[in-house]
Amino acid sequence: MLENADEKIRRYREIKLEIGRLKNEADIIEGEFLKAMESDLEDTKYKSVSYSDKKGNKVTATEANILKIIYPAYLKKLFGEAYKDVVQEETSYKLSAPASRMLAALYNREYLSGGSVEQLVGTLGVDDKSEKALLKKLKGKNFETDVKNLMKLGGLSEEEAKENAYLVSEICVWQDFMRLLRLNGEPAESDIEEALRWIDGAVTVEQTAKIKFDIAG
């Protein structure tokens, strides 16, 4: 038999009510950060923004893409021989993380054709040692990691690093896309345009936002 049942029920009720109140308050504050993010990221290519207090606690608001498959049949045409490598067939269709990231960027037209990471790094004015290090580190997969490497290895300011990290990401998206198409032969311009139309028909991308809270110390 449970001892002190009345007291435990009373306290449990108080705790649940307090949790609900605090969650509601946290949701309201998160909403304020998300609204601030929309304003601060407007007319920029940036996907995240951070807010810090005097103690070093940091809140990062991030805008993310959610890729949804509309017409799975287009995926077989798009990926060709690589289809089984990047698509997991279940009751629903599930793309690998790299393929999902690439398709979302292509769908949103967040790519840069005709360039290379080597060319971009060559414009930064760094010495040969730093250039070689950057070419090894810049992958275009994780924006924050590329920003840190551009600042640490290239000596760029945070603003310059962010701008170049986005260019790296857009270049890598296109390079990955070209590697994919070349698995089925060297693509003509018409093949590239057709593949982009397949992407527009195969998927849709919804944008969602999230909050990350880093506690100092």
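Quick caveat, the model's predicted, so the values are computed rather than measured. (Residues numbered from 1 in each chain as written. Predicted model: local features only at pLDDT ≥ 70, side-chain atom pairs only at ≥ 80, totals over all residues. Heavy atoms only, no water.)

Novice: How would you summarise the overall build of the protein if you had to cite specific residues and measurements?
Specialist: Of regular secondary structure, the protein possesses nine helices and five strands. Listing every helix and strand of the protein by position from the N terminus yields α-β-β-α-α-β-β-α-α-α-α-α-α-β. Relative to the globule expectation of 17 Å for 217 residues, the C-alpha radius of gyration of the protein, 23 Å, shows a markedly less compact shape. When each of the 217 residues of the protein is scored for burial, the buried share is 32%. Expressed as a percentage of contacts within the protein between residues at least 6 apart in sequence, the contacts between residues at least 24 apart total 62%. Total accessible area computed for the protein in this model is approximately 14400 Å², and 51% of it derives from carbon and sulfur atoms. Side chains of the protein carry 34 positive and 40 negative charges; the gap between the two charge centres is 5 Å. (Helix = DSSP H or I, 4+ residues; strand = E, 2+ residues; numbered from the N terminus. Rg over C-alpha atoms; globule rule 2.2 N^0.38 Å. Buried < 20%, exposed > 50% of the residue type's maximum accessible area, 1.4 Å probe, protein only. Contact = heavy atoms within 4.5 Å. Areas by Shrake-Rupley, 256 points an atom, 1.4 Å probe, with all protein chains shown as cover. Lys, Arg positive; Asp, Glu negative; His and termini not counted. Charge placed at Lys NZ, Arg CZ, Asp CG, Glu CD.)

Novice: Talk me through the environment of S52; I want residue IDs and the actual numbers.
Specialist: Note that S52 resides in strand β1 (residues 48-52). Sequence separation between S52 and E7 is 45 residues; the distance between their C-alpha atoms is 41 Å.

Novice: For the layout of surface pockets, give the residues involved together with the corresponding values.
Specialist: Within this model, the largest pocket holds a volume of roughly 930 Å³. In terms of lining, the largest pocket is formed by 29 residues, of which the most central are K47, N65, R101, K141 and F143. Put simply, the parts of the chain that give the lining of the largest pocket at least two residues each are β2 (58-69), α4 (97-107), α7 (143-154), α8 (158-182) and β5 (203-214). Residue contributions to the lining of the largest pocket peak at seven residues, all from α4. Of the residues contributing to the lining of the largest pocket, the split by class is eleven nonpolar, eight polar and ten charged. Its boundaries defined by the atoms lining it, the second largest pocket holds a volume of some 420 Å³. Lining the second largest pocket are 18 residues, and of these S48, S50, K58, T60 and E144 lie nearest its centre. Going through the elements one at a time, β1, β2, α7, α8 and β5 are the ones with two or more residues in the lining of the second largest pocket. (1 Å grid on protein atoms, 1.4 Å probe; cavity = no way out; pocket = protein on both sides within 12 Å on 5 of 7 lines; lining within 4 Å. Points joined across faces, edges and corners; volume = space filled by probe spheres on them. Nonpolar A, V, L, I, M, F, W, Y, C, P; charged D, E, K, R; others polar.)

Novice: With reference to specific residues and values, describe the packing of helix α6 (residues 128-137) against α7.
Specialist: Relative orientation of the contacting elements α6 and α7 amounts to 170 degrees, with a least axis distance of 10 Å. One element, α6, and the other, α7, form an angle in the roughly antiparallel class. Contacts between α6 and α7 pair S130, A133, L134 and K137 from the former with D146, N149, L150, L153 and G154 from the latter. Of the residues belonging to the contact of α6 with α7, the class tally is four nonpolar, three polar and two charged. (Axes fitted to C-alpha atoms, helices over the stretch in contact; angles between N-to-C directions. Parallel < 35°, antiparallel > 145°, perpendicular 65-115°, else oblique.)

Novice: Which residues make up the packing of α8 against helix α9 (residues 189-202), and what values go with them?
Specialist: Closest axis-to-axis distance for the α8/α9 pair is 12 Å, and the angle between their directions is 105 degrees. Judged on the interaxial angle alone, α9 and α8 are roughly perpendicular. Contact residues: α8 offers W174, F177, M178 and L181, while α9 offers I192, A195, L196 and I199. The residue inventory of the contact of α8 with α9, partitioned by class, reads eight nonpolar, no polar and no charged.

Novice: Give a detailed account of the pairing of β1, specifying residues and quantitative values.
Specialist: Side-chain direction in a regular strand flips from residue to residue, so the side chains alternate between the two faces of the sheet. Looking at chain direction, β1 and β2 are connected through five bridges and run antiparallel. Paired with V49 across the two strands is A61, which belongs to β2. Hairpin connection from β1 to β2: five residues lie between these consecutive antiparallel strands, with G56 at a positive phi of about 95 degrees. (Pairing = 2+ DSSP bridges.)

Novice: Any chance you could break down the nonpolar core for me, citing the residues and the numbers?
Specialist: One finds L78, F79, M102, L103, L106, F177 and I199 to be the most contacted residues of the largest nonpolar core, which totals 29 residues. If sequence neighbours within four positions are ignored, L106 has contacts with Y111, V173, W174, F177, L196 and I199. Of all hydrophobic cores here, the second largest spans 22 residues; its members include A61, V121, V126 and L156. (Core = buried A, V, L, I, M, F, W, Y, C linked by side-chain atoms within 4.5 Å.)

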